[in-house]
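# Close look at the chain arrangement
The lines below spell out each chain.
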Amino acid sequence: EPEVTQTPSHQVTQMGQEVILRCVPISNHLYFYWYRQILGQKVEFLVSFYNNEISEKSEIFDDQFSVERPDGSNFTLKIRSTKLEDSAMYFCASTGTGADIQYFGAGTRLSVL
Amino acid sequence: DQQVKQNSPSLSVQEGRISILNCDYTNSMFDYFLWYKKYPAEGPTFLISISSIKDKNEDGRFTVFLNKSAKHLSLHIVPSQPGDSAVYFCASKNQAGTALIFGKGTTLSVSS
């Protein structure tokens, strides 16, 4: 069964460093998303991406964040200068054309020290 | 601001019995609702969904009920199995948007 793949599973970084989280969405999907879940809190929407541009973003997705689809398969989330409060699980999701069901990857745990 | 609320953090049920998980929402613009299941160290897995034009959707042991006037939905699992033990998230979206708005989740424990 096709699945969303995220790498790495765990990323440890120092405060102020840049990190790139990577995702390979399901191959024929066209809509891509990033969510995060801070420990003990709910899953929160960050950004959605379609046709090489951002469709929607939340107030969490400030100038420190950016997304890119560098090639036909990868979808990345970059955090320019990490803060302690960026420590969370980051989930990538994707959706096919006209569908509302978002399929999630296993997540990347980001630990900012 | 909690647009999607799951007021029960946990639920314990015996194997074979019915599990009922509840979810309330405040935004009347929401028109599509989903339930996801999540095991530790995994991402949310889609379980079942319902559009606002329906009041019930069934898939095997899982049934979702939607009460639009009360802005309430529930997930019924019958019969419950130990493998159903997981965190269950209710999520909502509106037709114009792309974002899923999640509740905090309910941890279901099914004992044999």
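Note: the structure precedes this text.
Now for a description of the structure that goes with this document. Here the structure is a predicted model, which means the values were calculated and not measured.

When helices and strands are tallied, chain A shows zero helices and eleven strands. When the helices and strands of chain A are read in sequence order from the N terminus, they spell out β-β-β-β-β-β-β-β-β-β-β. Since a compact globule built from 113 residues should have a radius of gyration of about 13 Å, the 13 Å found for chain A is in line with a globular shape. C-alpha atoms of chain A, sized along the principal axes, occupy 40 × 30 × 25 Å. By residue count, 46% of the 113 residues in chain A fall in the buried class.

Moving on: the pattern of salt bridges. All names here are of chain B. The tally for this structure, following the rule as stated, stands at three salt bridges over all chains. Two residues, Glu58 and Lys56, come together in a salt bridge whose shortest N-O distance is 4.0 Å. Looking at Lys56, the relative accessible area reads 43%, which means it is partly exposed. Between Arg61 and Asp84 there is a salt bridge, and its shortest N-O distance comes to 2.8 Å. Residue Arg61 is found in the loop between strand S6 (56-59) and strand S7 (62-67), and its partner Asp84 is found in the loop between strand S8 (72-77) and strand S9 (86-94); the two are separated by 23 residues along the sequence.

Residues and elements named next belong to chain A. Across the five residues that make up strand S11 (residues 108-112), a large majority, four, are buried. Direction of pairing for strand S2 (residues 10-13) relative to S11: parallel, over a ladder of four bridges. The residue bridging Val12 from the neighbouring strand is Ser111, located in S11. Bridge analysis of strand S9 (residues 88-95) against S11 gives three bridges, and the strand direction is antiparallel. Looking at the pairing, Tyr90 lines up with Thr108 of S11.

Residue and element names in this part refer to chain B. Taken in spatial order, the five strands make up an open sheet running S1-S3-S8-S7-S6, and their pairing is antiparallel. A strand with exactly one partner marks an edge of an open sheet, and here the two such strands are strand S1 (4-5) and S6. Here S7 pairs with S8 via six bridges, running antiparallel. Each residue of the ladder has a partner; that of Asn67, found in S8, is His72.

A separate point is the pairing of S8 of chain B. All names here are of chain B. With respect to burial, S8 is a largely interior element, five of its six residues being buried. Bridge count between strand S3 (residues 19-25) and S8: six bridges; the pairing is antiparallel. Note that in S8 the partner of Ile20 across the bridge is His76. Linking S7 to S8, which pair antiparallel, is a turn of four residues; within it Lys71 sits at a positive phi near 50 degrees.

Turning to the packing of aromatic side chains, a few remarks are in order. In this description, an aromatic ring pair is defined by two values, namely the gap between the centres and the angle between the planes. In total, this model carries 18 aromatic pairs over all chains according to the counting rule given. Judged by centre distance (5.8 Å) and plane angle (50 degrees), the ring pair of Tyr36 of chain B and Phe102 of chain B falls under tilted. Taken together, the residues Tyr36 of chain B in strand S4 (residues 30-38) and Phe102 of chain B in strand S10 (residues 101-102) connect sequence positions 66 residues apart. Each member of the pair Tyr36 of chain B and Phe102 of chain B is classed as buried. Site record: aromatic cluster; members linked through ring pairs are Tyr33, Tyr35, Phe45, Phe91, Tyr103 and Phe104 of chain A together with Tyr36, Phe46, Phe89 and Phe102 of chain B.

This part covers the interface of chain A and chain B. Contacts between chain A and chain B engage 16 residues on the former and 21 residues on the latter. At the junction of chain A with chain B, the criterion picks out zero salt bridges. In this assembly, chain A and chain B are joined by seven residue pairs in polar contact (both at pLDDT 80 or more). Counting residues per element, the ones that place at least two in the side of chain A that touches chain B are strand S4 (31-37), strand S5 (43-50) and strand S6 (53-57) of chain A.

The biggest cluster of nonpolar side chains holds 23 residues, and the ones touching the most others in it are Trp34, Leu46, Phe61, Val67, Phe75, Leu77 and Tyr90 of chain A. For Tyr90 of chain A, the contacting residues outside a window of four places in its chain are Gln6, Leu21, Trp34, Tyr35, Arg36, Leu46, Phe65, Leu77, Ile79, Gly107, Thr108 and Leu110 of chain A.

Among the surface-exposed residues, Ile18, Ile20 and Val78 of chain B lie close enough to one another that they form a single nonpolar patch of about 220 Å² accessible area. Along the chain, Val78 of chain B turns up in the loop between S8 and S9.

What counts, and at which threshold
Positions within a chain are numbered from 1, following the residues in the order the chain's sequence is written. Chain letters and ligand numbers both follow the written order, the letters beginning at A and the numbers at 1. Only residues with pLDDT of at least 70 are given local features in this predicted model, and only at 80 or more are side-chain atom pairs given and counted; all residues enter the totals for whole chains, interfaces and linings. With hydrogens and water excluded, all non-hydrogen atoms of the structure serve as input to the side-chain values. Under the DSSP-based scheme used, a helix requires at least four consecutive residues in state H or I and a strand at least two consecutive residues in state E, with every element numbered from the N terminus. Radius of gyration: C-alpha atoms only; globule rule: 2.2 Å multiplied by the number of residues to the exponent 0.38. Relative accessibility thresholds used throughout: buried, under 20% of the residue-type maximum; exposed, over 50%; partly exposed, between the two (1.4 Å probe, protein chains only). By definition here, a salt bridge exists when the distance from a side-chain nitrogen of Lys or Arg to a carboxyl oxygen of Asp or Glu is within 4 Å. Two strands are counted as paired when DSSP detects at least two bridges linking them. Two aromatic rings from Phe, Tyr or Trp, using only the six-membered ring of Trp, form a pair when their centres are within 6.5 Å; if the ring planes differ by under 30 degrees the pair is stacked, by over 60 it is edge-to-face, and anything between is tilted. Contacts were defined at the residue level, with two residues in contact if any of their heavy atoms lie within 4.5 Å. Polar contact is the term for a pair of N or O atoms within 3.5 Å; when the atoms are in protein, one must be able to donate a hydrogen and the other to accept it, and sequence-neighboring residues count only if both atoms are side-chain atoms. In this description, a nonpolar core means a group of buried Ala, Val, Leu, Ile, Met, Phe, Trp, Tyr and Cys residues linked to one another through side-chain atoms lying within 4.5 Å. Within this analysis, patches are made of residues with over 30% relative accessible area and no salt bridge. Like charges are joined at 9 Å or less; nonpolar side chains (Val, Leu, Ile, Met, Phe, Trp, Tyr) at 5 Å or less. Only the protein chains shown count as cover for residues, and the accessible areas themselves come from Shrake-Rupley with a 1.4 Å probe.

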